[in-house]
Amino acid sequence: MTTARPKRFKGKVRDDYLELVMKFPLTSVHSEEELQAAQKVMDGLLAQGKLSAGQELYLDALSDLVAAYEDEHYRIKPASDAEMLRHLMESRGISQADLQRRTKIPKSTISEILSGKKSFSRQLIRTLSDFFKVDKSVLAHNL
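Residues numbered from 1 in each chain as written. Predicted model: local features only at pLDDT ≥ 70, side-chain atom pairs only at ≥ 80, totals over all residues. Heavy atoms only, no water.

*Asks:* What is the right way to look at the pattern of salt bridges in this model?
*Replies:* Pairing is possible between side chains that carry opposite charge, provided their charged atoms lie close to one another. In total, this model carries four salt bridges according to the counting rule given. For Lys 12, the salt bridge goes to Asp 16, with nearest N and O atoms at 3.0 Å. Placement of both Lys 12 and Asp 16 in helix α1 (residues 11–23) is noted, with a separation of four residues, approximately one turn of the helix. Judged by its relative accessible area of 12%, Asp 16 falls in the buried class. (Salt bridge = Lys/Arg side-chain N within 4 Å of Asp/Glu carboxyl O. Helix = DSSP H or I, 4+ residues; strand = E, 2+ residues; numbered from the N terminus. Buried < 20%, exposed > 50% of the residue type's maximum accessible area, 1.4 Å probe, protein only.)

*Asks:* Mind showing me how you'd approach the environment of Ile 76 here?
*Replies:* As for its position among the elements, Ile 76 is in the loop between α3 (53–73) and α4 (81–92). Residues Ile 76 and Lys 10 lie 66 residues apart in sequence; the distance between their C-alpha atoms is 39 Å.

*Asks:* Even after reading the chapter, I still don't get unusual backbone geometry, so can you show me in this structure?
*Replies:* With a phi angle near 70°, Lys 104 is a residue other than glycine that sits in the positive phi range. Following the sequence through the fold, Lys 104 ends up in the loop between α5 (96–103) and α6 (107–114). Phi at Lys 133 takes a positive value of approximately 55°, unusual for a residue other than glycine.

*Asks:* Whenever I open this one, α3 confuses me. Can you help?
*Replies:* In an α-helix, one full turn covers 3.6 residues, which means residues spaced three or four apart are oriented alike. Taking 1.5 Å per residue as the helical rise, α3 with its 21 residues ought to reach 30 Å, and the 30 Å between its terminal C-alpha atoms agrees with that figure. Taken together, the buried positions of α3 are Gly 54, Gln 55, Leu 57, Tyr 58, Leu 59, Leu 62, Val 66 and Tyr 69. Packed against the buried residues of α3 are α1 and α2 (32–47). (Expected span 1.5 Å × (residues − 1). Contact = heavy atoms within 4.5 Å.)

*Asks:* I would appreciate a short explanation of the environment of Ile 105 in the present structure.
*Replies:* Among the secondary structure elements, Ile 105 is positioned in the loop between α5 and α6. Of the residues examined, Ile 105 reaches a relative accessible area of 6% and is grouped as buried. Expressed as a C-alpha distance, the spacing of Ile 105 and Gly 54, which sit 51 residues apart in the sequence, is 53 Å. Other than its neighbours up to four places away in sequence, Ile 105 contacts Gln 100, Ile 110, Leu 124, Thr 127 and Leu 128.

These figures capture arrangement, not role.
Laid out in structure tokens, this is it:
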């Protein structure tokens, strides 16, 4: 079966891409050694500054392979509700009292969330996402 190639994958674009594939083939990453080797190749490309279209295509593909390995082996757990609220407050430079005053969320509720005793409710997520101007999904990972 023949797979259609994008029209942009011709001439110099193809040549630059294939030159890199010949030096470091695009295959799944299976070990730490392969991960380090792939990262070294990516670092070398990024250090060049401006890349050709073929080099960019190659870098995108290699980055996807590295990301797949990292997603499987270095999974980062989502921030807790307390960590997320603390981060949003610190990034905006507001105190618990400021947040209570401006959102009308009871101070006790804010304190319980920050201490990890309480989780976000759907109503709190709506209020906080509107106040901090972030998507609701940023706060709703635990629902």
